[in-house]
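# Notes for the structure review
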Amino acid sequence: MVDYSVDRNLAILGINNPPVNALSFHVREGLFNGIKQANADRRVEAIVITGKGKTYCSGADIREFSIPSAGKGLVTLGHRIEDSDKPVISAIHGNALGGGLEIALFSHYRVANKNAKIGFPEVLIGLLPGAEGTIRLPRVTGLAFAMDAIASGRRFDAQEAHKHGILDTICDGDVLQEAKAFSKKIIGQPLDQRRLSKTHVKDAADVDIKFEEALAQIKRKYRGLIAPILCLKSVRNSAKMSFDEAAAEEMRLFGELLTSSQSIGLRYSFFAERSAPKWKLPCGACADNTTPVDVKTTGVIGAGTMGSGIAVCLIRAGIPVILVEKNQKMLDQAIKTISRILTGSVKLNRMTEKQREHSLKLLKGASTLDELAGVDMVIEAVYENLELKREIFHQLDKICKSSTLLCSNTSTLDIDNIASATQRPDKVVGTHFFAPAYIMRLLENVYGTKTSPTTVATVMELGKRIGKICVLVKTCYAFVANRTNQPFGAEASFMVEEGALPQDVDTVLENFGMPMGPFKVSDLSGIDVGWRIRQEVAKALGLKLTLETRYRMGERITTLADRLYEMGRYGIKTGKGWYRYEPTNPRKPIPDPDVAKMIQKHCMDMGIERRNIPAQEVIERCLFSAINESFRVLEQRIAEKPEDIDVIWQYGFSFPRYGGGPMFYASQVGLKKVFEKICIFHEQFPYSSHWVPSDLLRKLASHSTEIPMDKWTQFISSSKL
Ligand SMILES: CCCCCCCCCCCCC[C@H](O)CC(=O)SCCNC(=O)CCNC(=O)[C@H](O)C(C)(C)COP(=O)(O)OP(=O)(O)OC[C@H]1O[C@@H](n2cnc3c(N)ncnc32)[C@H](O)[C@@H]1OP(=O)(O)O
C-alpha cells in the first residue's frame, strides 16, 4: 500500500491504494513505517511522499468511519511526519484532498504539479478536517481563506494554493522530478519554522470579526447544516487557543460530527450517488460488461421548454443537435431562448463567450423529421400524449438509419407501448429529464422489455457526458420518480383538505429540509400544468371530471387544485396560485386569505370537518406514503436498489442530501415503526391505495432485527422476480 524506495539521498514513499489513494489503515501503517525507516537509513537526507498512479491522496477512507475510533491513527502518523529529523516533502499531483492535504500540511514542504486540485471537502460529508487541518491551514493562509475553504469544501487549483502559501512551488511536468530538484535547496536547512505546530496564526487579532462575517454567510448559504458551523468554530479556536488545545478541541468536534445523523446521511449519499450509474439488467448485462455506442450527432423533437432545455444540455457538452419543430415561430423562439440561457451561463462564469459561440454553432433548427435521417440518437420531447408519441416513433423508425437510438422524454408513459410502434424496440428507451432540463441534474433512463443492453449503456454514457446523474429504471406507469412522488403530493393536498393550510404544510416540510414545500413547487411549475395532465388522463380513460367529488374510480381525490385553476390562479406566472405574489417581488410567496376562504368553502360544501394537523403527521403522511410506494417499486424490480430511489429524490425533488432519501430515512426511523404507521394510515384512509402496505416492507419489518439496506432486495419473493 506504500512503496518504499531509495533514490540516491532520497527516500520515496509512494502511496499505492487505487483508485484514489485513500488513507486506509494499511496506507497509514506504511507511511508511518516508511518515515521511521527513512530516518534510520543513513543514506537518506530527505523524504518525499508521493502518490502512485493518477493522484497523490484523496483523504481518509470514508468507509472506515463506520468503524469506531478508526482514523485516530492519522494524527499519530501526522505527528511522526512533522517530528521527522529529516525534511519531508509532499509531491502532489492529481488530488490532495481532506486527510491527503493534512498529510501535506504535516510535511515540511509541498510541491505540486500545476494541474493538481487541493481542498478540504470533509464538510460535504458532514465532517471537518479532523487531523489538525483546521488548526494548520490558518497558520499557512490566514483566517479568511481557511474559513472559506474549510467551511465550503471547495476544491481549488495549484495556482490558488501557491498564492496562499500552501505550496512552496508548482511545476509543469513530473512532480517527483520537481521534488527531487527541490530537495537540493532545502537539505540542511533548519526545520523548526517548517513545523506548523510551532508557528502562529498571523492575523489572530482579527479572529472574532472574521468569524462573525463568515458565520453570517454560512447560515444564509447552508441553512440547517451543522458541519460548516463547527468548521468555522474550529478555525476560530486555532487563533484563540494554543496549538494543542485547539487540536484537542478539533478532535472532540470531529467526533461529534462523525456520529451526527447529518454526517451519516451525507456519507450514505456520497456512496449512493456513485452506485447509481452502476446499472444492471435482469438478463445479467451491466455497466461493466456492456460497451456503449458512440453518439456523435443527435436530434431533439419539440421546441418547448423541455426540448429546448435538452438541446442546451447537448450542445453545451459539444454534441451537435438538430432541433425539429414544425411551428416556425416556436422554433425561432426556442433558438432565442437557448442563446439566452447560454448567455446566462457566461455571466455566471460557467462557460466562456467562445464556448457559447461554439455551442450555438452546434445547433440547427429544422421543420421536419426527415432531417433526422442520419443522426445517431433522437430524443423526442413533445407533450405527454401516447398516441402522438407513438405516431412520431413510427415515422422516425422509417426515416432514421437503422442504428439510430430512439429516446422518449416521457415522465409517465409505457416505453414498451411506444417501442411497439417501431420495428426496433431494442433501440427504444426512455430518457426522463427534469425541468428545467439544463439545470436539474437527474436523468431517469427507462428501459422497456425489449431495450437492448447496448441501448441502455449508450443513454447512461450520454447522460454522464452531459453532466447528469443517471439512474436506470424499468418501465411502468410514471416510473420511479413520479410514481413515488405522487403519494407525497397527494397526502400534502389531503391534509390541506382536512385542516391545514398550504403554508402550514410547506413550512413543516421545509423545516424537515426540503428547500421548497410542495405548494410553492406547484405554484412554480404551474397549476395549469397539473390541470392539463389530469384532463388528458380523464380523456384517455373516458371520464367526465367534476369539482364536486372526493372519489374517482374508488380512489380518494381532492379537487382543490382544480378549483384554483377555475379561479384563474395558475401560480407564479399569474401572480396567484396557492399563494399570492406582489409584482415588486414576484418570487416571494405570500399566504393568501382568499385561498384559505376557498379551502374552507370547499370543505363546507363537501361536508369535511377540519381539524388541527400536527407537524409530525405532515411528515409521516408525506414521507411514509412515498416510502411505501418506494418499497413496491423495489419489490417489482422497477428500481434495482434502494440507493437508486434515494438518488432520484435528491436530484429530482431536492430531498436534503443529509437526509439520504426516503429509503435511507426509512432505514433510520426503523422499518418496523414505518410499517406499523403505514398500517394505521391504511386503516384511517382506506380509499388511498398508496397506503396498502408493501409486501416487501411487511416482510422486512417482521424480522426481529433491522435488516441493513444492502440486504433489502434479498427479501423479495422469488415469484415477484
Ligand atoms: C467517535 C469519536 C471518534 C473520534 C475520532 C477522532 C479521530 C480524529 C481523526 C480524524 C481523521 C480525519 C481525517 C480527514 O480530515 C477526514 C477525511 O479525509 S474525509 C475524506 C475527504 N476526502 C473526500 O471527501 C474525497 C472524496 N472523493 C472525491 O471527492 C472523489 O472521489 C475524487 C477523489 C475527487 C475522485 O473523483 P472521481 O475520479 O470522479 O472518482 P469517484 O468519485 O467515482 O471515486 C472512485 C472510487 O473511489 C471511491 N472513493 C473516493 N474517495 C474515497 C474516500 N475518501 N474513501 C473511500 N472511497 C473513496 C468512490 O466511492 C469510488 O468507488 P466506488 O464507490 O465506485 O466503488
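What you see is a predicted model, and the numbers here were worked out from it, not measured in a lab. (Residues numbered from 1 in each chain as written. Predicted model: local features only at pLDDT ≥ 70, side-chain atom pairs only at ≥ 80, totals over all residues. Heavy atoms only, no water.)

## Topic: the packing of aromatic side chains
Stated precisely, the cut-off is as follows: We call Phe, Tyr and Trp rings a pair once their centres come within 6.5 Å, taking the six-membered ring for Trp, and we label the pair stacked below 30 degrees between planes, edge-to-face above 60, and tilted otherwise. Only runs of H or I of at least four residues qualify as helices and only runs of E of at least two qualify as strands under DSSP, and these elements are numbered from the N terminus. The classification of residues rests on relative accessible area computed with a 1.4 Å probe and restricted to protein chains. Under 20% of the type maximum is buried, over 50% is exposed, and intermediate values are partly exposed.
One pass over the full model with this rule turns up 18 aromatic pairs. Consider the rings of F512 and F655, whose centres lie 5.8 Å apart with planes at 75°: the pair is edge-to-face. Taken as a pair, F512 in helix α19 (residues 502–512) and F655 in the loop between α25 (642–653) and α26 (662–669) lie far apart in primary sequence, 143 residues in all. Residue F655 is classed as buried on the basis of its relative accessible area of 3%. Pairing F681 with W691 gives two aromatic rings, centres 4.8 Å apart and planes at 35°, and the pair type is tilted. Of this pair, F681 sits in helix α27 (residues 671–684) while W691 sits in the loop between α27 and α28 (695–701), and the two are 10 residues apart along the sequence. Look at W691 and you get buried, because its relative accessible area is 0%.

## Section: the UniProt feature "domain: 3-hydroxyacyl-CoA dehydrogenase NAD binding" (unreviewed entry) in the protein
Counted only if it meets this: UniProt positions are given in the numbering used here, feature names are shortened, and annotations may be inferred rather than shown by experiment.
Using the residue numbers shown here, the UniProt feature "domain: 3-hydroxyacyl-CoA dehydrogenase NAD binding" (unreviewed entry) corresponds to residues 298–475. Taken end to end, residues 298–475 is 41% helix and 21% strand, and its two terminal C-alpha atoms sit 23 Å from one another.

## Regarding the nonpolar core
Using the following cut-off: Residues grouped as a nonpolar core are buried Ala, Val, Leu, Ile, Met, Phe, Trp, Tyr and Cys residues, joined through side-chain atoms within 4.5 Å. Domain ranges listed in this record stem from an automatic or a database domain assignment. Residue contacts are defined here by distance: any two heavy atoms, one from each residue, within 4.5 Å place the two residues in contact.
L372, L396, F631 and W712 are the most contacted members of the largest nonpolar core, which totals 97 residues. At 10 residues, the largest contribution of residues to this core is made by helix α24 (residues 615–635). Here this core gathers at least three residues from each of two domains, domain 2 (298–479) and domain 3 (516–604). If we ignore the near neighbours within four places in the chain, the residues touching W712 are F631, L634, P642, M663, S667, L671, L696, L700 and I707. Counting residues in each nonpolar core, the second largest holds 69 residues, with I15, V44, A104 and F156 among its members.

## Quick word on the UniProt feature "domain: 3-hydroxyacyl-CoA dehydrogenase C-terminal" (unreviewed entry) in the protein
UniProt feature "domain: 3-hydroxyacyl-CoA dehydrogenase C-terminal" (unreviewed entry): in the numbering of this structure it lies at residues 479–581 and 618–703. As annotated, residues 479–581 has a helix share of 57% and a strand share of 7%, and its two end C-alpha atoms lie 34 Å apart. As a span, residues 618–703 carries 69% helix and 0% strand, and end to end its C-alpha atoms are 28 Å apart.

## Regarding the pairing of strand β1 (residues 2–7)
Which entries qualify depends on this criterion: Two strands are said to pair when DSSP picks up at least two bridges between them.
Of the pairings in the sheet, the one linking β1 to strand β2 (residues 10–15) comprises six bridges and is antiparallel in character. When the bridges of β2 are listed, V2 appears paired with I15. Counted between consecutive antiparallel strands, the loop separating β1 from β2 contains two residues, among which R8 sits at a positive phi close to 55°.

## A short note on the packing of helix α13 (residues 328–347) against helix α14 (residues 353–361)
Condition: Axes here refer to lines fitted to C-alpha atoms; in helices the fit is confined to the stretch in contact. Angles between the N-to-C directions go from 0 to 180 degrees. In this scheme, roughly parallel covers angles under 35 degrees and roughly antiparallel covers those over 145, while 65 to 115 is roughly perpendicular and the rest are oblique. Two helices crossing with the near one rotated counterclockwise from the far one by less than a right angle form a left-handed crossing, whereas a clockwise rotation gives a right-handed crossing. In the scheme used here, Gly and all other residues not listed as nonpolar or charged are polar, with Ala, Val, Leu, Ile, Met, Phe, Trp, Tyr, Cys and Pro taken as nonpolar and Asp, Glu, Lys and Arg as charged.
Where α13 contacts α14, the two axes come as close as 9 Å, and the packing angle between them is 160°. Compared by their axis directions, α13 and α14 come out roughly antiparallel. Here α13 and α14 pass one another in a crossing that is right-handed. Touching I338, S339, L342, T343 and V346 of α13 are E353, R356, S359 and L360, all from α14. Looking at the contact of α13 with α14, its residues break down into four nonpolar, three polar and two charged.

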